Amino acid sequence: MLPRHDLFCETTLSGLPSRKRRWDDEGNLFFREVARPKLVQRYFDDAAAIDIHNHIRQDGLALEKAWGTHEWEHRVYASVLGIIETNVYLIFNNFFRAEHDQVSHTWFTTNLVFALTKNDVNNLQENEPPPHEHIPHMREHILEALSKSDDRKRVQHKCIVCSRVHKKQQKASYFCKTCGLRCVLCFPQTGRNCFTYHITNEIPA
Ligand SMILES: [Zn+2]
Ligand SMILES: [Zn+2]
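Scoring rules and cut-offs
Residues numbered from 1 in each chain as written. Chains lettered and ligands numbered in written order. Predicted model: local features only at pLDDT ≥ 70, side-chain atom pairs only at ≥ 80, totals over all residues. Heavy atoms only, no water. Helix = DSSP H or I, 4+ residues; strand = E, 2+ residues; numbered from the N terminus. Buried < 20%, exposed > 50% of the residue type's maximum accessible area, 1.4 Å probe, protein only. Areas by Shrake-Rupley, 256 points an atom, 1.4 Å probe, with all protein chains shown as cover. Expected span 1.5 Å × (residues − 1). Contact = heavy atoms within 4.5 Å. Salt bridge = Lys/Arg side-chain N within 4 Å of Asp/Glu carboxyl O.

1. Thoughts on the overall build of the protein chain
If you tally the helices and strands in the protein chain, you get seven helices and five strands. Each helix (α) and strand (β) of the protein chain, taken in turn from the N terminus, gives the series β-β-α-α-α-α-α-β-α-β-β-α. Going through the 205 residues of the protein chain one by one, you find that 33% of them count as buried. Within the structure as shown, the protein chain displays about 13,400 Å² of accessible surface, and the carbon and sulfur contribution to it stands at 56%.

This is the structure in structure tokens:
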């Protein structure tokens, strides 16, 4: 599924409240609902798309790594070009499913370069159908608040990346919906990059 990069337009009317996990004096779990505008709800529902997009951009063409710029304008240009290339790759795979198989980012970038640089119009690579690479459909990791899946029992909420990779006990209130409830992760807003780590390395052993 294509991460939602559509324009961020929302209202300040009230949205679904966020549900905070709290414990009373006897140690019983309860949820406190905190009102929030629709705009804030939408932001927290979709914020993970940014990390997924960054990951594709930096893992594929990675222009900022490949091109050692000496002028700041070039650096900005490299990032914007990388963002555009990533968008086009996602569109190619997701909007034309009826016409071709899913292709890898490497295949796409290579053929894009050929198509843009070859002057021989009769010999454009783009006229060739994409190969049958049979790559698995890109798994989209989606962060969701633990409080959304209220199963009425205490779930462990130690971040799996903090505990297994950084050997730290860090409480986190989000998990990856794709990988399941055991995949508890720090929210990117905390400044810890556990979610980005998860996208790149799946679940650490
Ligand atoms: Zn995941
Ligand atoms: Zn963490």
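Now that the structure is up, let's keep going.
2. Description of helix α2 (residues 48-59)
Between the first and last C-alpha of α2 there are 17 Å, a value that for 12 residues agrees with the 16 Å anticipated at 1.5 Å per step. If you check which residues of α2 are buried, you get A48, A49, D51, I52, H53, H55, I56 and R57. Buried positions along α2 lie against α1 (38-46), α3 (63-66), α4 (72-94), α5 (105-117), β3 (143-145) and α7 (194-201).

3. Looking at the pattern of salt bridges
On inspection of all chains with the given rule, the structure shows four salt bridges. Between K177 and E144 there is a salt bridge; the shortest N-O distance is 3.3 Å. Taken together, the residues K177 in the loop between β4 (174-176) and β5 (184-185) and E144 in strand β3 connect sequence positions 33 residues apart. By relative accessible area, which is 47% here, K177 ends up partly exposed. Looking at E144, the relative accessible area reads 14%, which means it is buried.

4. A word on α4
Its 23 residues give α4 an end-to-end C-alpha distance of 33 Å, which sits within 8% of 33 Å, the value for a rise of 1.5 Å per residue. Considered for burial, the residues of α4 that qualify are A78, G82, E85, T86, Y89, L90, N93 and N94. Buried positions along α4 lie against α2, α3 and α5.

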